[in-house]
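# Coordinates in review
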4 protein chains.
Amino acid sequence: MPADQVIKVAIAGINGRMGRTSVQAISNAPDLQIVGAFGKEGAHYVGKSLSGLTGISIPNKADILVSNGFSDCLAHSSPDVLLDFTEAKSSFEYGVAAIGKKIRPILGTSGIPVEHLEKLKEAASREKVGALVVPNFSIGAVFMMSVARQAANFFDNVEIVETHKLGKKDAPSGTAMHTAREIQKSGKTFNVSPIKETELVAGARGATMPNGVHVHSIRLPSILSLQEVMFGSEGELLTIRHDSFNTSCFARGILLAIRSVIKLDALEIGLEKSMLGKA
Amino acid sequence: MPADQVIKVAIAGINGRMGRTSVQAISNAPDLQIVGAFGKEGAHYVGKSLSGLTGISIPNKADILVSNGFSDCLAHSSPDVLLDFTEAKSSFEYGVAAIGKKIRPILGTSGIPVEHLEKLKEAASREKVGALVVPNFSIGAVFMMSVARQAANFFDNVEIVETHKLGKKDAPSGTAMHTAREIQKSGKTFNVSPIKETELVAGARGATMPNGVHVHSIRLPSILSLQEVMFGSEGELLTIRHDSFNTSCFARGILLAIRSVIKLDALEIGLEKSMLGKA
Amino acid sequence: MPADQVIKVAIAGINGRMGRTSVQAISNAPDLQIVGAFGKEGAHYVGKSLSGLTGISIPNKADILVSNGFSDCLAHSSPDVLLDFTEAKSSFEYGVAAIGKKIRPILGTSGIPVEHLEKLKEAASREKVGALVVPNFSIGAVFMMSVARQAANFFDNVEIVETHKLGKKDAPSGTAMHTAREIQKSGKTFNVSPIKETELVAGARGATMPNGVHVHSIRLPSILSLQEVMFGSEGELLTIRHDSFNTSCFARGILLAIRSVIKLDALEIGLEKSMLGKA
Amino acid sequence: MPADQVIKVAIAGINGRMGRTSVQAISNAPDLQIVGAFGKEGAHYVGKSLSGLTGISIPNKADILVSNGFSDCLAHSSPDVLLDFTEAKSSFEYGVAAIGKKIRPILGTSGIPVEHLEKLKEAASREKVGALVVPNFSIGAVFMMSVARQAANFFDNVEIVETHKLGKKDAPSGTAMHTAREIQKSGKTFNVSPIKETELVAGARGATMPNGVHVHSIRLPSILSLQEVMFGSEGELLTIRHDSFNTSCFARGILLAIRSVIKLDALEIGLEKSMLGKA
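What counts and how
- Residues numbered from 1 in each chain as written.
- Chains lettered and ligands numbered in written order.
- Predicted model: local features only at pLDDT ≥ 70, side-chain atom pairs only at ≥ 80, totals over all residues.
- Least-squares fit on C-alpha atoms with pLDDT ≥ 70 in both.
- Contact = placed C-beta atoms within 7 Å.
- Domains from an automatic or database assignment.
- Helix = DSSP H or I, 4+ residues; strand = E, 2+ residues; numbered from the N terminus.
- Nonpolar A, V, L, I, M, F, W, Y, C, P; charged D, E, K, R; others polar.
- Pairing = 2+ DSSP bridges.
- Axes fitted to C-alpha atoms, helices over the stretch in contact; angles between N-to-C directions.

Now for the relation of the copies chain C and chain A. Each of the two chain copies goes to the other by way of a rotation about an axis and a shift along it. Superposing chain C onto chain A takes a rotation of 180° plus a shift of 0.0 Å along the axis, which leaves an RMSD of 0.0 Å. Taken together, the rotation and translation describe the operation of a two-fold axis. Looking at the rotation axis and the C-alpha trace of chain C, the residue lying nearest is G203 of chain C, at 2.0 Å. Comparing interface residues between copies, 100% of those in chain C also lie at the interface in chain A; the contact surface is shared.

On to the domain arrangement of chain A. Residues and elements named next belong to chain A. Split into domains, chain A comes out as domain 1 (3-133 + 248-278) and domain 2 (139-244). Look at where the C-alpha atoms of domain 1 and domain 2 centre, and you get two points 32 Å apart. Every contact between the two is made by nine residues of domain 1 and, on the other side, seven residues of domain 2. Elements supplying a minimum of two residues to the side of domain 1 that touches domain 2: helix 8 (249-261) and helix 9 (272-278). It is helix 8 that provides the largest number of residues to the side of domain 1 that touches domain 2, a total of four residues. When its residues are assigned to classes, the side of domain 1 that touches domain 2 shows four nonpolar, three polar and two charged.

Moving on: the sheet that holds strand 2 (residues 32-38) of chain D. Residue and element names in this part refer to chain D. The strand order 2-1-3-4-5-13 describes an open sheet built from six strands, whose pairing is parallel. The sheet terminates laterally at strand 2 and strand 13 (267-269), the two strands that pair on one side only. The mean inter-strand angle of the sheet, taken between neighbouring strand axes irrespective of direction, is 20°. Examined bridge by bridge, strand 1 (residues 7-12) and strand 2 share six bridges and lie parallel to one another. The partner of I7 across the bridge, within strand 2, is L32.

Here we come to the interface of chain B and chain A. If you look at the interface, chain B gives 32 residues, while chain A gives 32 residues. At the level of secondary structure, the elements contributing two or more residues to the side of chain B that touches chain A comprise helix 6 (139-151), strand 12 (236-244), helix 8 (249-261) and helix 9 (272-278) of chain B. Broken down by element, the residue count for the side of chain B that touches chain A peaks at nine residues, all from strand 12 of chain B. For the side of chain B that touches chain A, the residue count by class is 14 nonpolar, 12 polar and six charged. Sheet analysis places strand 12 (residues 236-244) of chain A next to strand 12 of chain B, joined by nine bridges and oriented antiparallel. Opposite D243 of chain A, over in strand 12 of chain B, you have L237 of chain B as the bridge partner.

The next point concerns the sheet that holds strand 12 of chain A. Adjacent strands of a sheet form backbone hydrogen bonds with each other and so pair up, either parallel or antiparallel. Here we have 10 strands laid out as an open sheet, ordered 9(A)-10(A)-6(A)-11(A)-12(A)-12(B)-11(B)-6(B)-10(B)-9(B), and mixed in their pairing. Two strands bound the open sheet, and with one partner strand each, they are strand 9 (207-208) of chain A together with strand 9 (207-208) of chain B. Strand contacts of helix 7 (residues 174-184) of chain A: strand 6 (157-165), strand 10 (214-220) and strand 11 (225-233) of chain A, with the helix running at about 165° to strand 6 of chain A, the strand carrying the most contacts. Those strands touched by helix 6 of chain B are strand 11 and strand 12 of chain A together with strand 11 (225-233) and strand 12 of chain B, and its axis lies near 160° from that of strand 12 of chain B.

Okay, here's the thing in structure tokens:
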């Protein structure tokens, strides 16, 4: 790929886990190049080299210095894509600013409120600039949720069992809640019992979501993320299971997002369309 | 549904397991009616009542007598659909004959040779009559194979583990072989190992299919049918599992096939399109 | 085995599922013989032949007639063992009566109150007659509970997930409750979380048993009985899973119970000792 | 615990993965103290501090310098226990030497030949010094194998499925082979099929071990270690599954081994007796 076709990427939130995973993944991709990186303005690592900050060697490509915020980053580089791993509020603001400058934003957060999503959508359509909001970069997890939505049309009973590390604060997990919402798109009511069930100990039957989907949350040491979606019908059981072992599973999704957003001219939520377009 | 819109069905292979499952399923469906049934010509049960032969009560519908073969059946009834559970040769012959009479055949067998499938396809297109060849009536199993084919585009490693009842003659199972072929439609080579693997005991790594998919066959008492398709990538694992517990899981597929074939005007292989069209 | 060493068995509750399973299992065992069978006094099947009532052919052994209650049964036979599948109250009464006549009772119920168990224990010890109370005849389920009790000594985190057929009235299942009690014999408190967990939807974390064991109950069609006991520790997970597919899994436990009770001279609860003594 | 009751430990093979895991585990145990550590004679790290070499801070305890081999280590310290993670030959030699000096060896290797095990056994008995040979420090894995040996007495069918990281050289894994040997202690022949099975593709039925146990080896990215042992019988299935996620699962086994060997006066193979003695 000629140098002028390389996709130039700036990373917001460079000092977090996802920022580092991105540096690793992009550094190994011949068609991508990191041209800017920043975190909080005035952070102690401003001015450090990217390789020095992350401990990741960047082969065959120019190392860069960490900028002092987004404006400083844009003063020194011309990215095609802004990859953001900050939090909902700044993510929205960076996204709007990027679109205004014809830079395609990829916002890696699940917390952006609906009214902000609407504004991002309008801005992207007006400017005809691609934009992605990506709650989950794991291709396996995105696929699981897509399959669960499809399967909901063929089964009348479904329960979700998710397992995460002991010490996780909230139950159910965000992925389980999102999966339940995908299943609810079928418009059906699930798990209609022929009898009145009795819980001998409260909570036995798990959390009951709108439309009847049950969700059970297990917490055990050392399990990063595991989810099973069990669809039952007379005489059969279909189970979709996804295990995550470490953050390297996000690398593929990050690369897919960058290569997809370049071809878009509007806002898309989630990686599913990018995946199925590729399929 | 007015009586003249009820779909009239004849069943070939009435004395087998699938024949009986069909009688049960169709009897409970208000939009369907059994108008004919037959097995081998001259069989001992010719002339018996359907309810008497199968032990299934047929509520709110006329009982019928078992015919002495296909011709005898057609002499006494005018089916819209022929549901066939005989074997590959007779299935093909009944299929061609049915199409010639504008009766839509559903052939429930996996053994029809390619050249016969071609002839069925030509006949159906020529006569503009819907026809279905259905190797597997389990909606869950069909869905599993469809999902496996999709997932193959996103993962480079895949192994299949199937478990069936002790005493099953062949390994791998037909479903596992079919799943491997669906996965191979991706055109990829799977499970490329960075090293040369050594089997300390022959067979440890299972059966290796064209394109590198590994298949492992387990045989244990009392397990009707269980298959796991495991897709792996850096940091994650996606597993699709299907359990069959009894033949009642075929009932839904039989009903779906009957209601779908009525709307077709050509041959289709498998239930997948009927399902996804419905989704 | 000479005829005088054959163990003679009477069955109480002959018209139920377990009664029939027993007839099948005992009929195929050369060292055992059914000499009596009864259900409720005055039942419609009193006086029928055992093979006629159950539809089970009894090869190479004398068929018998169903008696009109326990007294009538004893008037016509001299059993060594009384195998009881009635309910808690009659089970206790038959048990005490049997011990008084030096007949060894096997009481297949989980509902006998503690004070009645005490009386059975005293009677058996006083008469030096073996007796068994068997809440679960599945050798696999008994083994699972035994292993769970052992594992509890080595792990600080444990959650139980049980799946039963849609339409089961109570949750958690009796087996799950019993497993939790076995785990509690370790005297430990489990699943101590480093943080305060929040349920975003009530019930997500399942039922919390005394000592902290969590239990999750799933209800899906066609699943007879499935339980997983998950033990977690830093860096590892140990799972014990038991699936029941049909009642034939009880046959082995019934035979083991009969052959064991003959060698006992006191009351024992559960099959575990009979199994481990055999191991 | 008074200082004179603290167990003093020397570590052989300090520069490997297990050496480091040991330093971490022992440093956090108030009743244990590292008094010596060494690797190959003349290694580049001889003379470094333990905390400097491993990057592990050693709270409330004296740091030590890495010795230049076993003799040098003994010249500067008086360990109660030698914890060895070298390879089979040196492990044996260090073990014999340690026993001669009344130091209890724990040899963490599976490769010691039978004749060397015999010599270690004789030496330990003669000197009345405890010694342990530990092929596997994972308490969960040891427990799984113990349970599998017990279950083999109650089931006639068993298959093992093990999954390890893509790139593992040998199949089946050492743990699977060892599990099969434990199962074979029952003296039974397993998986006797009522028919002649046919492999449509070679290897489908896996590796067949002496006595009929089948083993299937799966290789996928990112799976450190996963094994399922499936025991089947009429109507039921018992599965024992062990997942390892990282080396921290060995820490508990290392501590158990040290605390156990102190109480022994002869050689023991494996951690199972130490565990069950504790249970």
